[in-house]
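Given next are the chains, with one letter for each unit.
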Amino acid sequence: MTVWIHRTALAAFLGGQACLLVQDGLPGQEALAELGLGLWLLRPGDGGLHVLPAGAPAADALVPLPGVPAQLVAVVVADAAPGAAFEAWWSAHAPGNPPMVVAESAAAALPALLRQAAERLRETAVQAARGQQALVAMRQDAEQNRSALAAMLRSAGVSRPMEPEPLLAAEPLPGVSAGPRDGVLLLRQTLNVMLEGVTAVALHVALATLGAGGVLRVRLIGAESDRAFGAWQVPAAALRPGWLMLDLPTPLGPVRETAVLELATLLEPDEELRFSLEDALADPVRAVEGHPSIPARALAVQAWTAPPGRRCVLSPYWDWDVAEQVLTPPGIAMTMPREVWAAARLPEQASMVALGLGAPRPILSLASGETALATLPWVPVRGHDLLEAEVIARSPAAEEVEAALWLLPAGSQPERPGELALDAPGARWSGWQPLPAGRPVLTIRLRLPPRVPPMVCTVLVLRRSLGAPEPCRVEWAELAARRLEDPPPEPAEMSEATPLSALR
Amino acid sequence: MGVMPFAVLPAPVDALPPGQVAVAVVIPAYRQPGLLAEALASVLGQRGNPPAAAIVVDDGCPTGQTHALAGHYAAAHPGRVLCVRRRNGGLSAARNTGVEVALAAFPACRAIYLLDADNRLHPPFLRRAMAALDAAPPRVGWIYPDIDMFGQPASFANRGDYALLAHLSDNYCEAGSLVRRSLFETGLRYDEAMRSGFEDWDFWLQAAAAGWRGRHLPESGFQYRRRPESMLREAERMRDGLLQHLRGKHAALLRPRRLLALEAEEAPRFALYLPDKGLVRLQLDPNDDDGPALLPQAARQRWLAAQESPGAAFFPPLCCFADQSALALLCGLGLAHGLFWHAERLLRDHMIVPVEIAVADQAEIALEVASAAGRVATAPLVFATTEGLTACARDTSTSWLDTVATETPQPRMALLRVTLPAAVVPRPPTSAAPLRQLLLEVTAMGRALRSRSRVPPGWRQDARHPRAAMARRAAAQVGLGATLPRRPRHGAREVGFVLPLLSFGGVERVVLNQAAVFRAAGWRTHLVVAGAQRVELLPGLAEAFDSITMFAGLGEDRLDWEGDGYFGAAVSQFAAAPEAPDVLGLLAACHVVINTQTPACHALMAQLRRGGTRTFAGLHVTDLGAWGEPTGTPLMVNAYEHAYDGMLVISEQMRSWCLGQGIAADKLHLVRNAPGTPLPARQRTALLAARERRQAAGGPLNLLFLGRLDAQKGLDRLAAIIARTQRPGVAWRVVGRSVIGGHAQPWLPVAPEPPVTAPEDLAGLYAWADVVVLPSRFEGVPLTVLEAQRLGCAVIATDVGAVREAVADGEDGWLVDHTLAEEAIIARFVALLAGTAVPRQALLAVGPRAAARVAAADWSANLAPFLAHLEAVLATDDTP
């Protein structure tokens, strides 16, 4: 025996609405429609029993009913015969037994239906309660995991940052580049590497003549999910021929997706922005999209990885609104990327010196009785509470040196101590701090304003008392921002000039 | 980091009418209610078109939580989630139920996605997969993803074009694929009897057998939950048994002919570099010219892609740098297939195999392997492995490869020397271009390697085997090694004839004539000589065969005479020889193989038969051993009768013998012999008339023995007969030479003349002769008798074998009772020849009567019933 259903009714029957299946002709069956359940009729027909929605015309082809719906509350039959036939069909096609109600009329079936409905309600309530319990358990589990992860990241972040490992290095071919079409630059380059651990990427700018308001948007996409794992807005001023470094705040976690870079900007007629292509040939799948090139080439691009939490960098271009990265846990030192240091303004007697693979750092030379300024005009600090500068004496007689860290509005470019003032919004300083005797390293901490702007200008001021005639060399070795675990409210008496050491 | 998208459940929206559902996602659910919610969320969280609905099939799950959860989702997302509960039937049955619901409930549904309840999808998945399916040609039936595993993380790439040949060995199409509705509408379903796993592999192979193909979706975003224990893990434990089941079920896909056709389409074995044309052809069959013809640079790009992603991209594993005219010459002689087969075998142990074509005065074709030192520079064909060339290309120093043309080459090389008759090739073809092209290509490969983008081809692990090996792996599944590189032609039948040698013997000429009839009937005919690398260039050979392959020393001599064998008949150990898979590969693609007197090859027939080849043995004669005991091919065939579909017997006598041995009558096909050489009717009439005039003029009595000078032919009797009948008025000629050898030849009073094979020479001999004498100790139905009769010779022969079926004593020839004592036999021959038994006129009068009878003998007519039988049985085969 087969139970048939009209093709057009199948989706509704299996669609999840709690329903009754009633033997067609049950006295008073119309009343059951008032119960708020879907009412379906069971009727003997060609080839077996037919299931059809109450009140709907039977105008469509029949198909065998492949199983039973999940929310069938009861099967109400008046006669044993169709009930038995239906039970037999059920036992062959569906698990368990059908929720049969045998009654002479709809009214007579109501008590049993009520009992069944009540039982269903009770089951649902039990399941809902269990679901809530499960949610609690999961939430606790998730919270524990988040705490553990934060602790791990803190632990990793307080270690000395690791040099990133090269993941991909596609070198530029001079004179061959990809650019805009009709004033729109829209390029897409698959890196065909896994996103896990990616900490920075770099693009090679071949030509950039953008007006002051121009911005290049770059996104690092997971190809499989289309999610943005990295996003940068690079201002026109930062777009110069050469490698454009784009750091992520922290290395990406275990993201098993394919890294894809998307570049986009609109250009005015007199503007130009082109990116170098690789000095090797690519198959079409790996070539840059958005700029047909023959033969096919990829963008010149580099990428680096680092272990989780072991390289935390505050890129000035990072677009916090797009990328799905949350702030790093409190306590982690977020170092400044190469381009922040590259913008340093230094006095004549200073130079930028690189040690190892790191970005070049300023080394200032101080004669007896001299004062010198090193300025980083654009330092990203958004969301952070504390700036830390590390100063290292690179020659003897450093104990005669004192240092101070100043915070000025972003873009400031003071050239002499007299230009340092606390009257600008958000300006503050750390006060003079001597390089400790016997230890060559001084760490200056400076609390950031409560409503910190995205960028500040940071100035390291060094002065040397009168003494030995030979010059003394001091390196501004590091600048980092940190979030504080529980930043104390800024005391009213704490002037803009209160040194950070007062907090300790 | 944000919330994982799989957990994001969109708020309930308006109901989705069934008529708008474009993709149905079928989710079988059994004992995984919690994970089911996640799978459902990933379906409901799909972004953009097409409108999708999930069908949860509760496969009789014992926990009520499954259908309750599915029901709740269905209630919360009307029209987007359906739930059907069914009695437990296993994964296949549950999927099939979901498919039935989808087909019935969603009339506008264009595709069905199969999602396991513990897996999940990234939000763009269905949009991309549907777009890929819409963009694909209609024969693309499913879109399959890469596999990113979570839980125990791992990622597997499935990129590259779909290749059925690879799919026969590796199931790289995940069950979680998007399947075109029309594929299901053809009735294809998951096999509900396969409850232990691999049912998805089986489904894809069913679809592939029906002509559907898959297509890969790059960066698809399919997420597979991997746990240490799972249904897949269980299936892997039972892998061998499940594979055996799959191979049995899909035997038609694994038929050697099918594999060769697939190889030609998906993985042509050779990159044929043609410097004359500046092209590279990728092809299986050297006789073909329909493979992709590429410029060398384009071919190099393919090679490069295959080097970077061996599991995803294909480049032929073997390269041949060929002079076009030399290749055409070998193809024209039917030698190219066999030569390429030999080269492939040699390339297993050698990096470079040059081919030299030599010329000799003898009318024979020979093949030998020799030292290649100093022979490669002008070789018209140079074979090399792609792997070897790649290794050279990676090596920035070329000094090693540069020694290849010197007398002390460092690369391991072997020379294949083909010797052809001067009558065919007056001067050996040579060319410096092939080696030059090889060296240039290696240089270009190296440059291409070094100028390749540093953007990698991908980051996922590719667990698949290299595509260059997929044809070999598929063939190995059915026990085949190197197969003859011959592309099956649709609708063309292929027949292979196996012989132990090809000389001027009668058996060879019978086979030659049978092959010619097959070929005239549209079959492609292939000769395999097992045990000799030298064949005589018999008249009609080139016309009879499409290909000629010969080999020796591969185990074809492995006959075990130890023990009792089968009633004393030897047992072949050839099947156990390491080279046997290669030899099987020579014949496996044939619809029919006829083994005529190649004893060791009996042991290969069972395997050929399993592969779909119809196997037959050609039975001509029961030999007599040293003790006079019956021996020879029929006895050995009797031992292997089970491996043969039938026997071709040339006589009633042989049929009776077979019946007596218990061979079923319907396995026996009587294919009578006919004269072995063609003779135009006008020439025949003229020669008969000339003899009549000569005999009427009272010329001498011309007596002829023609045949192999082997012991079987009764040479000692012949010597005595000649000695006793030599006198004035009687002229004797003996024509032939020993083929089998092994016995001391008696001195003959007449110096033997060398054998003749040309039809006109044979006709001249028979026209000269009045009487042909055949005092053999055993025979089948000698062609000499039929050919002599055709030209009116009186034949006197011992009454052995089935000679009686060709000679009616006293009517159209004379038979001598072979049961008589030796002296009596000789005396009877002498009496007939000397005119003491019958008058000379009566002796010769049988000739014209025989000529009249034999005039009707015809190979085509004799083979017609057998050909009709083959067509009938082959019509029921499952592979074309």
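Note that the structure is a prediction, hence the values are computed from the model and not measured.

What counts, and at which threshold
- Residues numbered from 1 in each chain as written.
- Chains lettered and ligands numbered in written order.
- Predicted model: local features only at pLDDT ≥ 70, side-chain atom pairs only at ≥ 80, totals over all residues.
- Heavy atoms only, no water.
- Helix = DSSP H or I, 4+ residues; strand = E, 2+ residues; numbered from the N terminus.
- Rg over C-alpha atoms; globule rule 2.2 N^0.38 Å.
- Buried < 20%, exposed > 50% of the residue type's maximum accessible area, 1.4 Å probe, protein only.
- Contact = heavy atoms within 4.5 Å.
- Areas by Shrake-Rupley, 256 points an atom, 1.4 Å probe, with all protein chains shown as cover.
- Lys, Arg positive; Asp, Glu negative; His and termini not counted.
- Charge placed at Lys NZ, Arg CZ, Asp CG, Glu CD.
- Patch = residues over 30% accessible without salt bridge, like charges linked within 9 Å, V, L, I, M, F, W, Y side chains within 5 Å.
- Salt bridge = Lys/Arg side-chain N within 4 Å of Asp/Glu carboxyl O.
- Pairing = 2+ DSSP bridges.
- Axes fitted to C-alpha atoms, helices over the stretch in contact; angles between N-to-C directions.
- Phe/Tyr/Trp six-rings, centres within 6.5 Å; stacked < 30°, edge-to-face > 60°.
- Arc of directions from axis to C-beta.
- Core = buried A, V, L, I, M, F, W, Y, C linked by side-chain atoms within 4.5 Å.
- Buried area = accessible area lost by both parts, 1.4 Å probe.
- Polar contact = N/O pair within 3.5 Å; in protein donor to acceptor, adjacent residues only side chain to side chain.
- pLDDT = per-residue confidence, 0-100.
- Right-handed = clockwise from strand over helix to strand, strands pointing away.

This part is about the overall build of chain A. Helix and strand content of chain A: five helices and 29 strands. Computed over its C-alpha atoms, the radius of gyration of chain A comes to 36 Å, more than 25% above the 23 Å expected for a compact globule of 504 residues. Based on the C-alpha atoms only, the size of chain A along its principal axes is roughly 115 × 65 × 35 Å. Taken across its 504 residues, chain A has 50% of its residues classed as buried. In chain A, of all internal contacts separated by at least 6 residues, the share reaching a separation of at least 24 is 76%. In the form shown here, chain A has an accessible surface area of approximately 22400 Å², with 56% of it arising from carbon and sulfur atoms. For chain A, the centre of its 39 positive side-chain charges and the centre of its 53 negative side-chain charges are spaced 5 Å apart.

Residues and elements named next belong to chain A. Side chains of Val184, Leu186 and Leu266 sit close together on the surface and give an oily, nonpolar patch of about 300 Å² of accessible area. Looking at the element boundaries, Val184 is found in strand β11 (residues 184-194). A residue is classified by how much of its surface remains accessible, and Val184, at 33% relative accessible area, is partly exposed.

Another point: the sheet that holds strand β7 (residues 72-77) of chain A. All names here are of chain A. With mixed pairing, the seven strands of this open sheet are ordered in space as β5-β1-β4-β3-β2-β7-β8. Sheet topology places β5 (62-64) and β8 (100-102) at the edges, where each strand pairs with a single neighbour. Along the sheet, successive strands turn relative to each other by an average axial angle of 30°, direction set aside. As paired strands, strand β1 (residues 2-6) and strand β4 (residues 48-53) are joined by four bridges and run parallel to one another. Among the inter-strand pairings, Val3 is bridged to a residue of β4, identified as Leu49. Along the sheet face, helix α4 (residues 106-158) touches β2 (19-23), β7 and β8 and points at about 165° away from the line of β7.

All names here are of chain B. The residue Leu559 is located in strand β24 (residues 559-560) in this model. Classification of Leu559 as partly exposed rests on a relative accessible area of 23%. In this structure, the C-alpha to C-alpha distance between Leu559 and Trp814, residues 255 residues apart in sequence, is 39 Å. Once residues lying within four places of it in the same chain are set aside, the contact partners of Leu559 are Ala570, Val571, Ser572, Pro599, Ala600 and Met636.

All names here are of chain B. The final tally for this structure, using the stated rule, is 30 aromatic pairs over all chains. With centroids separated by 4.7 Å and ring planes inclined at 85°, the aromatic side chains of Phe340 and Phe383 adopt a geometry described as edge-to-face. In this pair, Phe340 is assigned in helix α13 (residues 336-346) and Phe383 in strand β18 (residues 381-385), connecting sequence segments 43 residues apart. Each member of the pair, Phe340 together with Phe383, is buried. A ring pair is formed by Phe518 and Phe866, whose centres lie 6.3 Å apart and whose planes are at 75°; its orientation type is edge-to-face. Of this pair, Phe518 sits in helix α18 (residues 506-520) while Phe866 sits in helix α30 (residues 859-874); the two residues are 348 residues apart in sequence, bridging distant segments of the chain.

Attention now goes to helix α12 (residues 324-332) of chain B. Residue and element names in this part refer to chain B. Those residues of α12 that sit buried are Ala326, Leu327, Leu330 and Cys331. An end-on view of α12 places all buried positions within 135° of arc, on one side of the element. Against the buried residues of α12 lie β12 (270-274), β15 (318-322), α13, β16 (352-360), β18 and β19 (415-421). Of the residues flanking the end of α12, it is Gly334, one or two places downstream, whose phi is positive at about 75°.

The subject of this paragraph is unusual backbone geometry. Omega for the peptide link from Asn49 of chain B to Pro50 of chain B comes to 0°, which places this bond in the cis form. Residue placement: Pro50 of chain B occurs in the loop between α1 (33-44) and β2 (52-59).

Along the chain, Gln433 of chain A turns up in strand β26 (residues 433-434). With residues near it in sequence (within four places) discarded, Gln433 of chain A still touches Val401, Glu402, Ala403, Leu442, Thr443 and Ile444 of chain A.

Once that is clear, we can look at the nonpolar core. The biggest cluster of nonpolar side chains holds 123 residues, and the ones touching the most others in it are Leu381, Phe383, Phe518, Phe545, Trp732 and Val771 of chain B. Per-element accounting of this core gives the leading share, seven residues, to α18 of chain B. By size, the runner-up hydrophobic cluster in this structure holds 83 residues, among which are Val234, Ala303, Leu314 and Leu479 of chain A.

Turning our eyes to something else, we now look at the interface of chain B and chain A. By a frequent convention, interface size equals the accessible area lost on bringing the separate parts together. Counting residues at the interface gives 50 residues for chain B and 51 residues for chain A. For the pairing of chain B and chain A, the buried interface totals around 4100 Å² over both sides, and the portion due to carbon and sulfur atoms is 54%. Its salt-bridge partner being Arg460 of chain B, residue Glu224 of chain A comes within 2.5 Å of it at the nearest N-O pair. At the boundary of chain B and chain A, one finds 22 residue pairs in polar contact (both at pLDDT 80 or more).

Take the pairing of β16 of chain B next. All names here are of chain B. In terms of burial, β16 is largely enclosed, as eight of its nine residues are buried. Summarising the sheet, β16 and β18 pair through four bridges and their orientation is antiparallel. Directly across from Ile352, in β18, lies its bridge partner Ala384. Here six bridges tie β16 to β19, and the two strands are oriented parallel to one another. By the bridge assignment for β19, Ile357 is matched with Val418.

To continue, consider the confidence of the model for chain B. Chain-level statistics for chain B give a pLDDT mean of 92 and a share of 97% at 70 or above. Low pLDDT, under 50, characterises residues 1-9 of chain B; the stretch is placed with 26 contacts to residues that sit more than four places away or in other chains.

Residue and element names in this part refer to chain B. Counting buried residues in strand β35 (residues 794-798) gives five out of five residues, a clear majority hidden from the surface. Across the two faces of β35 the burial is the same, with Ala794, Ile796 and Thr798 and Val795 and Ala797 all buried. As defined by bridge partners, strand β34 (residues 771-774) adjoins β35 across four bridges and the pair is classed as parallel. Residue Leu774 lies in a different strand from β35, and its bridge partner there is Ala797. A crossover links β34 with its parallel partner β35, the connecting element being helix α27 (residues 783-790), and its sense is right-handed.

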